[in-house]
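# Overview (structure and organization)
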Amino acid sequence: MRGLRQPGRASAFVGAVLLVLGGCLGDAQQLIDAGTSSDAGTSLDGGALLDAGVSLDAGVSLDAGVSLDAGVSLDAGVSLDAGVSLDAGASVDAGVSLDAGVSLDAGVSLDAGASVDAGVSLDAGASVDAGASLDAGTSLDAGASLDAGTSLDAGTSLDAGASSDAGVSSDSGVSPDAGTGDGGLDFCPAGGAMALVLPGPTACPTSPVDGGVMRFIAPSGSDVGGGTQASTPLRTLGYALSLAQPGDVLVLATGVYREGIETSTGGRAGAPITIRAAAGAQPVVSGSVQVTAWANLRGAIWSTPWSATQLGPEGCSGGECPMLPRGAPQQVFVDGVPLQQVAGILPAVHPACPSSTGDWCREVVGASLTELDTRAGAFFFDSATNTLFIRLANDAPPAGHLVEVALQRRVLFFYPNAPGHLCIEGLTFRHNNASAAHRQMAGVTLLGNTLLSNSIVEQMDLAGVATSGTVSRCLIRDNGQLGLSLNSTATLEHSVVARNNRRHFNPYWEAGGMKVVTNQAARIEGCHVFDNDGVGIWLDGSSGSATASVTVARNWVHGNGREGQIMVELSNFATVVNNVVWNDGRVADENVRGLYVSESSDVLVAFNTVVSTAPTFEFDALSGSRGTIERLQLENNVLASFAPRPTHANVRISAPTAWQSDFNAFFRQQGPEFEFSGTRSMFTLQAWRTATSRDASSIETNPLFVDVAARDFRPSPASPLRGAGRTNARVLVDFSGRQRPASPDPGAFQHCP
């Protein structure tokens, strides 16, 4: 257990949409864009990459006048409304077909040179319902592709070269023990293509309930009156919340709301307070201020006065108290891109800080302001003179650029005594300054009975979200230390968690994708967790029971650094099933395990597919001074390494008690390696069986996936995985939600018929 823990639906999803993945799971190298933005909202800039997992809203259509430039590929499921043209050279990707029930509406033209490749098909009956749209004038530039699961909200632009990374699951929410294959991901539709059916949302109310009223908020409004008419909106979300009563719906127009909201407001059961974006709007709630008054110091270095005490004290004591002037800038953004802090004050968990300095220390990356003379794209805060200095990446003057400095300690915070019962949908939250509080401080802190849906939380100073409620269909990215802190009965589902710990705090303490600390039944399901500097999914000190376990199910997890892609530490009664995990070597650390169980008991690890193309452990379970591995159940997993020179084992287990392991599939290009109790290394499955009396029915073989290079880890027709597993009453469906038969396949995917 490391560190302190902070306790804790952008567009509507309507109906269901069928998306064809084109037969592979996409490129794991692709990333979510950097979140470059302006006051108008979020844009996906040229070259930025949006990973799958954010889903294309049901009912998306291309309205009249939208142009598809040469080279643009149209994936299955998108309908072309009247008047839409495909310019010369545009093509409909190979493998997609138009079957019965799908039509190209009247007036659609295929211009000269456009081609429809052979064999392309859309499954019978698939449809795109009316509703959400790519508004007229939105353009998809040359080379951009819309892959499975990408969510394009009204007004969002995908610039040249942008693409989305197929292969993430944003599924129907069928739980691993539900025993049904209805809905969800279906990798075996007619014709063999892999399809993804997205469900309707668990949506927030669109109209007031139980006597509530509608309140409107817009940046052009005024905080007088009640804001109950769209023609006389309020100006701030904080003021609207101060007026809100159970059943109210607060509707935000497009714009940036620069606020730090701390409140005890809440709804009640059956009458939540709803905070949502107006139809087609893109509201951003930001804890930063825009700074325009800059004076040239010398060359490309600019300065502005800054009051380090403007936030005032926050009640705290001991190690929780910052050892620095409150309000000292920790984050500066130019046109949405963060500058590098070259000298100043940082939390003690930053590698530059000695371990004896408490929560905060004075970092000396650059010794002084002179560091800016040799480093562009950076900032320095001088607490002695209360002056902020910046140097832009291209040495341009700040005039004409959006310069934002994170100010508020919190962007949205509900006090622990608040009643909860909030529903928040379609908002973007960004930028806070945790130098005004304590480490792992979250920019957005929510209570139980609260739903955060279809929203973005990005570029917070330390943690993005802390919650004991539900986070669904959200994008949690580029936060300074940690994506999410989850506790109590928190649920994270169908979301993307990427590139967190952007500021590179100590990843062995509390940094990375998420940390789960609870003694109740929490759940992380159907998410894409990747490229976080630290553990992707980390259960730490989560001690549940046989009837209240933490469930980690049906997630794509890869490219995360340090210790484990999925890690269960000092936790009991955890269930880790139907996950797809791989290590492709982007993190140069051989200790990056696939699945890692540390000093924990009563953990079920079943039907996971763990693949490495770089040296690492696929599964590691270690006892230690704080606890022993007890009653571990390891079965029906595929643990495969395709590394040319593996230096670690498929499986390492240290001093377990009453453990089970069977019906697994092991593979290493140079032969499987097993380590037991830290004293033995065996290179054959038979030797492992003799030493441990385990894995009597496991197999040692190349799993023969469909396509390892394309990250398609389904069993191919010739795969020895087919029927090699054993039924587990707790895992009756596979990653896609399909029913597992009496003789299932090991791994996350049940083979196609």
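Refer to the structure above for everything that follows.
My aim in this report is to walk through the structure given alongside it, one point at a time. All of these numbers come straight from a predicted model, not from anything done at the bench.

## Focus on the overall build of the protein
Secondary structure assignment for the protein yields two helices and 67 strands. Residues counted as buried form 61% of the 753 residues belonging to the protein. Here the protein has roughly 24,300 Å² of accessible surface; of this, 53% comes from carbon and sulfur atoms.

## Examining the nonpolar core
As a rule of thumb, soluble globular proteins bury nonpolar side chains together. Core analysis: the largest hydrophobic core is formed by 73 residues, its most contacted members being F429, I524 and F619. Element by element, the count of residues in this core is highest for helix α1 (residues 237-243), at three residues. If we ignore the near neighbours within four places in the chain, the residues touching F429 are V285, V411, L412, I424, V444, L452, I456, V457, E458 and M460.

## Section: the environment of L252
Along the chain, L252 turns up in strand β18 (residues 249-252). Given the relative accessible area of 0%, L252 is considered buried. Separated by 37 residues in sequence, L252 and R215 place their C-alpha atoms 8.8 Å apart. Those residues in contact with L252 that sit more than four places away from it in its chain are I217, L237, Y257, I275, R276, A277, A278, A281, P283 and L427.

## Re the packing of aromatic side chains
One pass over the full model with this rule turns up 15 aromatic pairs. Between F642 and F667, the aromatic rings sit 5.2 Å apart at their centres with planes inclined by 50°, giving tilted as the arrangement. Here the residue F642 occupies a position in the loop between β59 (638-641) and β60 (651-653), and F667 occupies one in strand β62 (residues 665-668), the gap between them amounting to 25 residues. When the ring of F705 is compared with that of F713, the centres are 5.4 Å apart and the planes differ by 65°; the resulting orientation is edge-to-face.

## A closer look at the sheet that holds strand β26 (residues 332-334)
Spatial ordering of the open sheet is given by β23-β32-β26-β27, a layout of four strands whose pairing is antiparallel. Among the strands making up the open sheet, the edge pair consists of β23 (288-290) and β27 (337-338). Of the strand pairs in this sheet, β26 and strand β32 (residues 403-406) are connected by three bridges, and their pairing is antiparallel. Bridge pairing in β32 places V334 opposite V403.

## Description of the side chain of T236
Note that T236 resides in the loop between β17 (214-217) and α1. A relative accessible area of 11% means that T236 is categorised as buried. A distance of 2.7 Å separates a polar atom in the side chain of T236 from a polar atom in the side chain of D223. A distance of 3.2 Å separates the side chain of T236 from the backbone nitrogen of Y239, its partner in a polar contact. T236 has contacts with I217, D223 and E259, leaving out every residue within four places of it along the chain.

## Quick look at the state of the cysteines
Counted by the stated rule, this structure contains one disulfide. Covalently, C204 is tied to C423 through a disulfide, its sulfur atoms 2.0 Å apart. Judged by the torsion about the S-S bond (-90°), the C204/C423 disulfide is left-handed. Within this pair, whereas C204 is found in the loop between β16 (195-197) and β17, its partner C423 is found in strand β34 (residues 422-425), the two being separated by 219 residues in sequence. As far as the burial class goes, C204 and C423 line up, both buried. No disulfide involves C474; its sulfur sits 9.7 Å from the nearest other cysteine sulfur, which is in C527. Given the relative accessible area of 2%, C474 is considered buried.

Rules used in this analysis
- Residues numbered from 1 in each chain as written.
- Predicted model: local features only at pLDDT ≥ 70, side-chain atom pairs only at ≥ 80, totals over all residues.
- Heavy atoms only, no water.
- Helix = DSSP H or I, 4+ residues; strand = E, 2+ residues; numbered from the N terminus.
- Buried < 20%, exposed > 50% of the residue type's maximum accessible area, 1.4 Å probe, protein only.
- Areas by Shrake-Rupley, 256 points an atom, 1.4 Å probe, with all protein chains shown as cover.
- Core = buried A, V, L, I, M, F, W, Y, C linked by side-chain atoms within 4.5 Å.
- Contact = heavy atoms within 4.5 Å.
- Phe/Tyr/Trp six-rings, centres within 6.5 Å; stacked < 30°, edge-to-face > 60°.
- Pairing = 2+ DSSP bridges.
- Polar contact = N/O pair within 3.5 Å; in protein donor to acceptor, adjacent residues only side chain to side chain.
- Disulfide = S-S within 2.5 Å.

These figures capture arrangement, not role.
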